[in-house]
Amino acid sequence: LRESRQPEEALPMLEASLALLRRHWSHAEESILAVQHDLAVCLGALGRRDEALVLMREQYARRLVMHGAANERTLLVAINFAALLVRSKLFAEATRFLRDQGKIANRELGPDHRLALFLAQNLSAGLQDNPDATRADLLEAEAIAEEVTKRRRRVLGATHPDTRFSERSLGRVR
């Protein structure tokens, strides 16, 4: 249901799955975290951003403890958390968080890694979506979008969906 973009129908199933896991398989922390993450994404899609933010913060903190900051699962949660921060109009927090996560991803995975590129793409979006953005912020957003698009073209090819998305985002910031 999540894949078919039907969050209204997915929500009760995710809540039931989480309750079941916590009750009968409380030791299956990875499974609990996975369902909790899906629940947070679902709540965000439904506009219940305050609840989603609470779950995402918990999710990210737990992943840090379990796997460390440079782990791909932790970074994937960071990407979704940051996107939720932007959609919630918490631009200052999102920008700080994305800059920190981007440094980690670039250092540990390299700047061409898909997660590093998603973090950069989210930073660009957060900078350009901020209604209080300065001209310098918008220029930085454009420079980041250009770099992400260039890297994705080189690494993924011109026809890859992520490259196409980057091109549309670049057009939006210009």
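See the structure above.
Residues numbered from 1 in each chain as written. Predicted model: local features only at pLDDT ≥ 70, side-chain atom pairs only at ≥ 80, totals over all residues. Heavy atoms only, no water.

### Things to note about unusual backbone geometry
The line we're drawing: Each helix is a run of H or I in the DSSP string that is no shorter than four residues. Each strand is a run of E no shorter than two, and both are numbered from the N terminus. Working definition: with a 1.4 Å probe on protein chains only, accessible area under 20% of the residue-type maximum means buried, over 50% means exposed, and in between means partly exposed.
One non-glycine residue with positive phi stands out, namely K89, at about 65°. Mapped onto the elements, K89 comes out in the loop between α4 (72-87) and α5 (91-109). Assessed through its relative accessible area of 61%, K89 is described here as exposed.

### A closer look at the pattern of salt bridges
Rules: A carboxyl oxygen of Asp or Glu within 4 Å of a side-chain nitrogen of Lys or Arg is what we treat as a salt bridge.
Inspection of every chain in the model, using the stated rule, returns 16 salt bridges. Measuring nitrogen to oxygen at the nearest pair gives 3.4 Å for the salt bridge that ties K150 to E147. Here the residue K150 and the residue E147 both occupy positions in helix α7 (residues 135-156), the gap between them amounting to three residues, near one helical turn. Looking at K150, the relative accessible area reads 48%, which means it is partly exposed.

### Quick word on the side chain of Q36
The condition is simple: Residues are treated as being in contact if the distance between any of their heavy atoms lies within 4.5 Å.
Tracing the backbone shows Q36 in helix α2 (residues 29-45). Residues within four places of Q36 in sequence aside, it is in contact with L18, R22, L55, E58 and Q59.

### Some words on the environment of R164
With respect to the helices and strands, the residue R164 is situated in helix α8 (residues 161-173). Measuring from C-alpha to C-alpha, the distance between R164 and A10 comes to 29 Å, with 154 residues separating the pair along the chain. Setting aside residues up to four positions removed in sequence, R164 forms contacts with A158 and T159.

### Structural notes on the packing of helix α3 (residues 49-67) against α4
Quick note on the threshold: Axes here mean lines fitted to C-alpha atoms, for a helix over just the part in contact, with angles spanning 0 to 180 degrees between N-to-C directions. An angle below 35 degrees is read as roughly parallel, one above 145 as roughly antiparallel, one from 65 to 115 as roughly perpendicular, and any other as oblique. In this scheme, a crossing is called left-handed if the near helix is turned counterclockwise away from the far one by less than a right angle; it is called right-handed if the turn is clockwise. Throughout this entry, Asp, Glu, Lys and Arg are counted as charged residues, while Ala, Val, Leu, Ile, Met, Phe, Trp, Tyr, Cys and Pro are counted as nonpolar. The remaining residues, Gly among them, count as polar.
Relative to each other, α3 and α4 sit at 155°, their axes nearing to 9 Å. Comparing the axis directions of α3 and α4 gives the class roughly antiparallel. Considering only the axes of α3 and α4, their crossing is left-handed. Counting all contacts with α3, which are made through R49, A52, L53, M56, R57, Q59, Y60, R63, L64 and H67, the residues of α4 involved are R73, T74, V77, A78, N80, F81, L84, L85 and R87. Per-class residue counts for the contact of α3 with α4 are 10 nonpolar, four polar and five charged.

### Section: the side chain of Q59
The condition is simple: Between N or O atoms, a polar contact is any pair within 3.5 Å; within protein, one atom must be a potential hydrogen donor and the other a potential acceptor, and residues adjacent in sequence are included only when both atoms are from side chains.
Mapping Q59 onto the fold places it in helix α3. Accessibility expressed as a relative area gives 0% for Q59, which makes it buried. Side-chain polar atoms of Q59 contact the side chain of Q36, separated by 3.3 Å. Setting aside anything within four residues of it in sequence, one finds Q59 in contact with L33, Q36, H37 and V77.

### Focus on the environment of N106
Summarising the element assignment, N106 is placed in helix α5. Given a relative accessible area of 37%, N106 falls into the partly exposed group. Considered as a pair, N106 and I79 are 27 residues apart in the sequence and their alpha carbons are 14 Å apart. Contact partners of N106, with chain neighbours within four places excluded, come to P111 and A116.

### Examining the nonpolar core
In plain terms, the rule: Here the nonpolar core consists of buried residues drawn from Ala, Val, Leu, Ile, Met, Phe, Trp, Tyr and Cys, with membership extended through side-chain atoms lying within 4.5 Å.
Ranked by internal contacts, the top residues of the largest apolar core, which has 42 residues, are L39 and F97. Listing elements by their share of this core, those giving two or more residues are α1 (7-24), α2, α3, α4, α5, α6 (114-129), α7 and α8. Excluding residues that lie within four positions of it along the chain, L39 makes contacts with L11, L14, E15, L18 and L55.

### Let's talk about the packing of α2 against α3
Their axes nearest at 8 Å, the elements α2 and α3 cross at an angle of 150°. Considering their axes alone, α2 and α3 lie roughly antiparallel with respect to each other. You can see that α2 and α3 cross each other, and the crossing is left-handed. Contacts between α2 and α3 involve E29, E30, L33, A34, Q36, H37, L39, A40, V41, L43 and G44 from the first element and R49, E51, A52, L55, M56, E58, Q59, R62, R63, M66 and H67 from the second.

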